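Here is what each chain is made of, one letter per residue.
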Amino acid sequence: MYRIFNMFFLLPLFFLSIVSCSAKQQEDTIHYKQPFPYKFVSAAKNEIKGNIRELFPVMEQLRNLRRDSSFQVSIVHLGDSHVQPDFLTGYLRTLFQSYFGNAGRGLIAPLKMAKTNEPHNYKIYSDNEWTPARCVKPSDIPIGVAGLGLFSQNACVNICAETYDKEMEFSKVKIFYDKESAILKFDDAQLLTKDSISPFSESLCLKNPLSTVHFELQANHVNKGVSFYGLELENGKAGVLYHAIGINGAQYSNYCSQNLFTQQLADLSPSLFIISLGTNEAYGRNFDTSVFYTQIDNAIQDIKKSVPNARFLLTTPVETFIKSKKKRMPNPKTKLVQKTIISYATKNNIAYWDLYAIGGGVNSATQWNRQKLMARDGIHFTKDSYEFQAALLFEAFMGLYNQYLNRAYVQN
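Everything quoted here is computed from the prediction, not taken from an experiment.

Student: Please clarify how unusual backbone geometry should be interpreted in this entry.
Tutor: Most peptide bonds adopt trans geometry, and most residues besides glycine take a negative phi value. One non-glycine residue, Ser257, lies in the positive phi region at around 55°. At Asn363, a position not held by glycine, the phi torsion is positive, near 65°. Among the structural elements, Asn363 can be located in the loop between helix H7 (355–358) and helix H8 (364–370). Classification of Asn363 as partly exposed rests on a relative accessible area of 48%.

Student: Looking at this model, I keep getting lost on empty space enclosed by the protein. Mind explaining?
Tutor: Tallying each qualifying case throughout the model produces 2 cavities of 30 Å³ or more. In this structure, the largest cavity is lined by 18 residues; those nearest its centre are Ser276, Thr316, Pro317, Leu355 and Gln389. Counted by class, the lining of the largest cavity contains 9 nonpolar, 8 polar and 1 charged residues. Going through the elements one at a time, strand S3 (106–108) and strand S14 (239–246) are the ones with two or more residues in the lining of the second largest cavity. Ranked by the residues each element gives to the lining of the second largest cavity, the list is headed by S14, at 3 residues. The residue inventory of the lining of the second largest cavity, partitioned by class, reads 10 nonpolar, 2 polar and 3 charged.

Student: How do you make sense of the environment of Leu313 when you look at a structure like this?
Tutor: You can see Leu313 is positioned in strand S16 (residues 311–315). For the pair formed by Leu313 and Ala351, sequence separation is 38 residues and the distance between their alpha carbons is 5.1 Å. Leu313 has contacts with Ile48, Leu55, Leu272, Phe273, Ile274, Ile275, Ala351, Tyr352, Trp353, Leu393 and Phe397, leaving out every residue within four places of it along the chain.

Student: Quick question: what am I supposed to make of the layout of surface pockets here?
Tutor: Where empty space is left can be seen by rolling a probe of water-molecule size over the atoms. Roughly 380 Å³ of volume is contained in the largest pocket. Lining the largest pocket we find 18 residues, and of these Gly90, Arg93, Thr94, Asn121 and Asp165 sit closest to its centre. Elements with a minimum of two residues in the lining of the largest pocket: helix H3 (87–100) and helix H9 (383–411). Residue contributions to the lining of the largest pocket peak at 7 residues, all from H3. The class makeup of the residues in the lining of the largest pocket is 3 nonpolar, 8 polar and 7 charged. When its volume is computed, the second largest pocket comes out at roughly 170 Å³. Asn102, Lys166, Glu167, Glu169, Phe170, Ser171, Pro209, Asn235 and Lys237 together form the lining of the second largest pocket. A breakdown of the residues in the lining of the second largest pocket according to their chemical character gives 2 nonpolar, 3 polar and 4 charged.

Student: What exactly am I supposed to notice about the sheet that holds S14 here?
Tutor: Whenever strands of a sheet pair, they do so through backbone hydrogen bonds, lying parallel or antiparallel. Overall, mixed pairing links the 6 strands, which are arranged S1-S19-S16-S15-S2-S14 in an open sheet. Strand pairing shows two members of the sheet lacking a second neighbour, strand S1 (48–50) and S14, which therefore form its edges. Averaged over neighbouring strand pairs, the angle between their axes works out to 25° when direction is ignored. Relative to the sheet, H3 contacts strand S2 (72–79) and S14, its axis offset from that of S14 by approximately 170°. The strands that helix H5 (residues 289–306) touches are S2, strand S15 (272–276) and S16; relative to S16, the one it contacts most, it runs at about 155°.

Student: Is there a simple way to think about the nonpolar core in this case?
Tutor: Nonpolar side chains tend toward joint burial in soluble globular proteins. In this structure, Leu217, Phe228, Leu231 and Leu314 are the most contacted members of the largest nonpolar core, which totals 76 residues. Other than its neighbours up to four places away in sequence, Leu217 contacts Ala155, Cys156, Val157, Ile159, Tyr177, Ala182, Ile183, Leu184, Val226, Ser227 and Phe228.

Student: Hey, could you run me through helix H6 (residues 333–347) in this one?
Tutor: Think of an α-helix as turning once every 3.6 residues; residues three or four places apart then point the same way. Compared with the 21 Å implied by 1.5 Å per residue over 15 residues, the 21 Å span of H6 between its first and last C-alpha is a close match. Every buried residue of H6 is accounted for by Thr334, Val337, Gln338, Thr340, Ile341, Ile342, Tyr344 and Ala345. Residues of H6 that are buried in the fold lie against H5, S16, strand S19 (351–353) and H7. Asn349, located one to two residues past H6, shows a positive phi value of around 55°.

Student: Looking at this model, I keep getting lost on the sheet that holds strand S7 (residues 156–163). Mind explaining?
Tutor: Across the sheet, 4 strands lie side by side as S4-S7-S12-S9; this open sheet has antiparallel pairing. On the outer flanks of this sheet lie strand S4 (122–125) and strand S9 (182–185), each paired with one strand and no other. Pairs of neighbouring strands in the sheet enclose a mean axial angle of 20°, with direction left out of account. In terms of strand pairing, S9 meets strand S12 (residues 212–219) through 4 bridges, oriented antiparallel. Each residue of the ladder has a partner; that of Ile183, found in S12, is Gln218.

Student: For this particular structure, what's the right way to read the packing of aromatic side chains?
Tutor: The description of an aromatic ring pair uses the distance of the two centres, along with the angle that the planes make with each other. Enumeration according to the criterion identifies 22 aromatic pairs in this entry. Taken together, a centroid distance of 5.8 Å and an interplanar angle of 70° make the contact between Tyr252 and Phe292 edge-to-face. Residue Tyr252 is found in the loop between S14 and helix H4 (259–265), and its partner Phe292 is found in helix H5; the two are separated by 40 residues along the sequence. Among the aromatic residues, those joined into a ring-pair cluster are Tyr32, Phe96, Tyr99, Phe100, Tyr242, Phe394, Phe397 and Tyr401. Its guanidinium or amino end placed over the ring of Phe321, Arg328 lies 4.4 Å from that ring's centre, counting from NZ or CZ.

Student: What exactly am I supposed to notice about the packing of H5 against H6 here?
Tutor: The angle between the axes and the distance between the axes are what describe a pair of packed helices. Close contact between H5 and H6 brings their axes to 10 Å; oriented N to C, the two are set at 50°. If you check the angle between H5 and H6, you find them oblique. Both H5 and H6 take part in a crossing whose hand is right-handed. Here H5 contributes Thr289, Phe292, Tyr293, Ile296, Asp297, Ile300 and Gln301 to the contact with H6, which in turn contributes Leu336, Val337, Thr340, Ile341, Ser343, Tyr344 and Lys347.

Thresholds, definitions, all that
- Residues numbered from 1 in each chain as written.
- Predicted model: local features only at pLDDT ≥ 70, side-chain atom pairs only at ≥ 80, totals over all residues.
- Heavy atoms only, no water.
- Helix = DSSP H or I, 4+ residues; strand = E, 2+ residues; numbered from the N terminus.
- Buried < 20%, exposed > 50% of the residue type's maximum accessible area, 1.4 Å probe, protein only.
- 1 Å grid on protein atoms, 1.4 Å probe; cavity = no way out; pocket = protein on both sides within 12 Å on 5 of 7 lines; lining within 4 Å.
- Points joined across faces, edges and corners; volume = space filled by probe spheres on them.
- Nonpolar A, V, L, I, M, F, W, Y, C, P; charged D, E, K, R; others polar.
- Contact = heavy atoms within 4.5 Å.
- Pairing = 2+ DSSP bridges.
- Axes fitted to C-alpha atoms, helices over the stretch in contact; angles between N-to-C directions.
- Core = buried A, V, L, I, M, F, W, Y, C linked by side-chain atoms within 4.5 Å.
- Expected span 1.5 Å × (residues − 1).
- Phe/Tyr/Trp six-rings, centres within 6.5 Å; stacked < 30°, edge-to-face > 60°.
- Lys NZ or Arg CZ within 6 Å of the ring centre and 35° of its normal.
- Parallel < 35°, antiparallel > 145°, perpendicular 65-115°, else oblique.
- Left-handed = near helix turned anticlockwise from the far one by under 90°.

Spelled out as structure tokens, the structure:
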């Protein structure tokens, strides 16, 4: 009789627990569906594949972030000219921060100071003369966190960073520079605290949110000069920091053996690396799949040395055009790039997102161009097209996120 009483007493608690878990799961679920206005783009193929369990710790962090407003999740998106203008990554940043919280603009690179194009929503400038270096060209100047490095022979340099969007105001600035050769000077009237623990950067907490920051770098030794690599901007709130690192013409091999670059990456505390490379490899005259496979591995292993706990998501590039005998045609090597990336991800238990297949596969460049989604050069895409690709990736990512939630609640 006692056991029967216990059973009837506990049953309501059991059902209440189920209802509570179901309500919490519904609250955590992300309902995001990207319209598919182009018939050649496959909605059925838009999913993250490979070792999806590789990303479960990131999904758990994002789930906890929706429940708790006291921490941040850092994502680094590494790429080439498809990433440098920040159309693709900028929209991904907006989407992630819309659902999981806005922790700030993240990493900004002094691209104009390095004599190349810069995203439209910020500006970094200096009155001093600088010698630039980018990871795509050999140089004696070290390559830092943004895939570039700047060196000035001046004993004292002034640098200013300015954001143009109200949502990008910041209350914390992390400055990446050569701390062995220079000293950072900043207006104490604006400074709340300063953290100099990292050997690669200095973090400044500000008294009030700003949209513009000025600082000086003073050389420790006469005629030694100073080196500068970039800034990270945070607003002091919980949420996602989505860092975009893109250099025109970059390949996997350009991010290999860049010790300072990978060491400084650790200062971003990334939980996830999304790597979108391969377009430029597909234009190599002597492209070799085995060499490319090794280059992918070298880049990832180098990153793992500095960020051992980070997870990876590899993406394949959309097919683009190549000139052959003065005639433009879809680049057949893109298919080889796609196969190699998927092969590497599969053999090394890494997740991947196959934009090549989702976007139509072989000869799909003609379709992208016909729909006016490509730039005139047949290699890059329009701003709207990059945002469409970003929305596709976010939908696939949220599909996996919801799949993780289902597993997590079943297990619990």
